Amino acid sequence: MVDSKQNKDVQLNDLYRDTVLDHFRSPRGTKPIDRVDIRREGNNPLCGDKLEMSIKMSDDTIEDIEVHCKGCAISVASTSMLAELVPGMKKDDALKLAEGFKQMMHGQPAPEGLDIGDLDSLEGVKDFPVRVKCALLAWMTIIDALRADARDDDQTGAMTSTEDKQD
Amino acid sequence: MATVSTKLRDPIVPDKREALDVQRIRDDFPVLKRTINDKPLVYLDSAATTQKPKQVIDAIADNYRHNYANVHRGVYTLSAEATDLYEGTRSAVATLIGAPSTKEIIFTRNTTESINLVAYSWGLSNLKSGDEILLTEMEHHSNLVPWYMIAKRTGAIVRHMPLRADYTLDLTAGLDMINPQTKIVSVSHTSNVLGVINPIAEIAERARKHGAIVVVDAAQGVPHSKVDVSQMDIDFLAFSAHKMLGPSGVGVLYGREELLEAMEPFMGGGDMISSVTLDGATWNELPWKFEAGTPNIADVIGFRAAIEYLEKLGMDNVRKHEIELTEYALERMKEVKDFTIFGPQDAESRAGVISFVQEGVHPHDLATILDREGIAIRAGHHCAQPLMEILGQTATARASFYVHNDRHDVDALMAGLSCAGRFFGR
Ligand SMILES: Cc1ncc(COP(=O)(O)O)c(C=O)c1O
C-alpha cells in the first residue's frame, strides 16, 4: 500500500527554526519608505495569505523596501528575510537570489556562491510540500515586481498569485 | 516539544445517553485504522468531505463487479439491473428528504453544479435587468459565484442579508430586503464556517409573499440533520453525496416539479432528449431532462449505501450526537487562552463545525502542527472569502465532526492546540 509522503523523520523544529520564529515575531521591512517606485501585491489564494510590497529604486539598485505580509509563520518569515536581504542589491542579483531560493524550495541545492543569509533556516520547508508556496509568496512577488518594473509599467492593481505559475 | 499521547483509544464507557455507538461505527471506517506520522488518524474535516464506511466502498465495488453497464440504454439484463440500482438511489434520496416525487431529484456532480443548474436554467430565462438575487453574507463561493455570473449576464443585482454580532443571520434586516424586485432568495441551510443554522422556513415564507423562488444550499444541512423539503416551502435544495459518507462526484438537486418542468435543460446531449432530428430536439421527461450524458453510475449506486447507513443510525441521532460532541468541544475550548470561536456558543442551535483562531498561531501553522499529531483540520478561507472579510480574518482553523468522532478526538485536538501554543510561545 502506498501511503502519501509521510515526512516521518522531519521534525517540526526543522520547519520552525528559531530564526524563522524570530522573523515571524518581529518582521523586518515594515517601516514606511520615503518614495515608492514599484508597488505590487501578492496573494496565495489557497490559504488567503496576502502581502503588499513597495520598492524604492535608484537606477538598477533596490534602495529600500517596505513589505507587509498577513499570513502564516513561514510566509511572514520568508517575507521578512527578503526585506533584510534585498536592499542595496542590483535588480539582477535580487532576481538571481529569488530564483536560487525557488530552486532550494524545490529540493535542489542553492546555487554555488549565492549569499542566502537567513534563508537557509527555511530549508526544512521543502520537506513540507504543501507549505512551499508559503515560503515562495514574497519571492514570486518580487520577481514579478522587478521584471515589470513600475517605472516603465504601471502595476497598480497588479497581483502575483502563487497559483499562476507551475514552476 | 511535547507530543500528544499516542496510546490506543480506551473505549468510552457506554452511556445510555450517547446517541450513537461510536465504537461500533468506527469499525466500519477502514481509514480510521491507519496512522499519520505514526499517530492514529483523528479526522476532523468532515465539513470538507467525509470518510467512507466499508458499506459504501463495497457497494461501489460490488456494482463494478456484478451489475455495471450503462443505464437507460440497454435492453439486456445487466443494463436493466444497473438502471434499477441507479434509479433506486433516486428513490432513496426522495424518501430521505421528503420529496413527493422522484421526478424532482436530479443527479449532478456536486452542490456547486446543482446551484449552477438553477442559476443557468432558471436564472437566465427568468431574470431581467434590475431584478434582485438575495443571498447572505455567510455563503460558500458556490452559492455566490454562479449568481454573480448570472447577474452579469442579465443585469440583475446581487444583495446579501447581513449578519448580527453573534454571527447569526440578521433576520429582521434580511427579511426587509425581500421586496417585489426579489426574484431569487438563495441561502445556506447551515454555514460551513460558522456552524450557524439558518431559519429557512421564515425566509421562505417572506420570499413566497413576494413571489421569489427559494434555493437552499444544504451541503452542510442534509448530512447532519433531518431536512424535509415537504416541511419547508422551498423550490430548490442542493447537496453533495461526498459530505454524507457517499462517494465524491455525486450531487443532488431537488427542484419543485412545476419549475423543473418549465425550465430549459442545463446541458444537452445523450439521455436528456426525447427525440433528435436534423432540425432540433425535444426534451426527455423529468428528471432525465437534466441528466445529459452517461452519469456517474457506480457512485450514484454507492450513494444509496451511504443513505441507508445514515438512516440506520437515524438522522435525529446523528444530530444529537453532534450536539453532544459540539457542546463538549465548546466547553473544552473555553480553557484555551486567547482563543476566538467564530460562531454561536450554544451547541443546540448550531452545527458541529467550529471555526477558530488562536492568538499568535496562524491557522496554517496550526494545521501543520496538528498534522504531525495525526489530526486533520482545515485551515484557510473555507471558500467563503466575503465572510472572512467580515470576520476580519484572512484564514481560520476549522474542526468539524461526524458520526465516527467522539470525545477522544476532541481531547486529541485540545492537546494539539496546547502543544501548538507552547511551540509558538517558546
Ligand atoms: C455550505 C456549502 N455549500 C457548498 C459547498 C460546495 O460543495 P461541493 O464542493 O460538493 O460542490 C460546500 C462544501 O464545500 C459547503 O460547505
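No experiment lies behind these values; they were computed from the predicted model shown.

Conventions used here
- Residues numbered from 1 in each chain as written.
- Chains lettered and ligands numbered in written order.
- Predicted model: local features only at pLDDT ≥ 70, side-chain atom pairs only at ≥ 80, totals over all residues.
- Heavy atoms only, no water.
- Domains from an automatic or database assignment.
- Contact = heavy atoms within 4.5 Å.
- Buried area = accessible area lost by both parts, 1.4 Å probe.
- Polar contact = N/O pair within 3.5 Å; in protein donor to acceptor, adjacent residues only side chain to side chain.
- Helix = DSSP H or I, 4+ residues; strand = E, 2+ residues; numbered from the N terminus.
- Core = buried A, V, L, I, M, F, W, Y, C linked by side-chain atoms within 4.5 Å.
- Buried < 20%, exposed > 50% of the residue type's maximum accessible area, 1.4 Å probe, protein only.
- Salt bridge = Lys/Arg side-chain N within 4 Å of Asp/Glu carboxyl O.
- Nonpolar A, V, L, I, M, F, W, Y, C, P; charged D, E, K, R; others polar.
- Pairing = 2+ DSSP bridges.
- Axes fitted to C-alpha atoms, helices over the stretch in contact; angles between N-to-C directions.

Enquirer: What is the right way to look at the domain arrangement of chain B in this model?
Expert: Interfaces are often described in size by the accessible area the parts lose on coming together. Residue and element names in this part refer to chain B. Structurally, chain B comprises domain 1 (22-52 + 314-423) and domain 2 (67-311). Here the C-alpha centre of domain 2 lies 28 Å away from the C-alpha centre of domain 1. Contacts between domain 1 and domain 2 engage 38 residues on the former and 34 residues on the latter. With both sides pooled, the region where domain 1 packs onto domain 2 buries about 2800 Å², and carbon together with sulfur makes up 59% of that total. Of all residues in domain 1, Met315, Leu387 and Tyr402 bury the most surface against domain 2, accounting for 22% of the area lost on that side. Connecting domain 1 to domain 2 are 21 residue pairs in polar contact (both at pLDDT 80 or more). Those elements that provide at least two residues to the side of domain 1 that touches domain 2 are α10 (315-333), β14 (353-358) and α12 (385-391). With 6 residues, α12 is the largest single contributor of residues to the side of domain 1 that touches domain 2.

Enquirer: I would appreciate a short explanation of the nonpolar core in the present structure.
Expert: Most often, soluble globular proteins keep nonpolar side chains buried together rather than apart. Counting 81 residues, the largest nonpolar core has Tyr16, Ile55, Ile74, Trp139 and Ile142 of chain A together with Phe356 and Ile377 of chain B as its most contacted members. Per element, the largest residue contribution to this core is 12 residues, and it comes from helix α5 (residues 132-147) of chain A. Not counting chain neighbours up to four residues away, the residues in contact with Trp139 of chain A comprise Ser78, Leu82, Leu85, Val86, Leu97, Ala98, Phe101 and Leu119 of chain A. Of all hydrophobic cores here, the second largest spans 79 residues; its members include Ala92, Ile105, Met232 and Phe239 of chain B.

Enquirer: What's the story with the interface of chain A and chain B in this structure? I'm lost.
Expert: Chain A puts 28 residues into the contact, and the matching count from chain B is 23 residues. A buried area of about 2000 Å², summed over both sides, lies between chain A and chain B, and 48% of it is on carbon and sulfur atoms. Counting across the interface, chain A meets chain B through 1 salt bridge. Connecting chain A to chain B are 7 residue pairs in polar contact (both at pLDDT 80 or more). At 4 residues, the largest contribution of residues to the side of chain A that touches chain B is made by helix α2 (residues 18-25) of chain A. For the side of chain A that touches chain B, the class distribution of residues is 14 nonpolar, 6 polar and 8 charged.

Enquirer: Honestly, the sheet that holds strand β13 (residues 339-341) of chain B in this entry has me stumped. Any pointers?
Expert: Within a beta sheet, neighbouring strands are joined by backbone hydrogen bonds and run either parallel or antiparallel to one another. Residues and elements named next belong to chain B. With respect to topology, 4 strands assemble into an open sheet ordered β13-β14-β17-β16, the strand pairing being antiparallel. Where the open sheet ends on each side, the last strands, each with one partner, are β13 and β16 (378-380). Shown here is a sheet whose adjacent strand axes are inclined to one another by a mean of 30 degrees, direction ignored. Across 3 bridges, β13 lies against β14 in antiparallel orientation. Residue Ile341 lies in a different strand from β14, and its bridge partner there is Phe356. Against the sheet, α10 touches β13 and β14, its axis set at about 10 degrees to β14.

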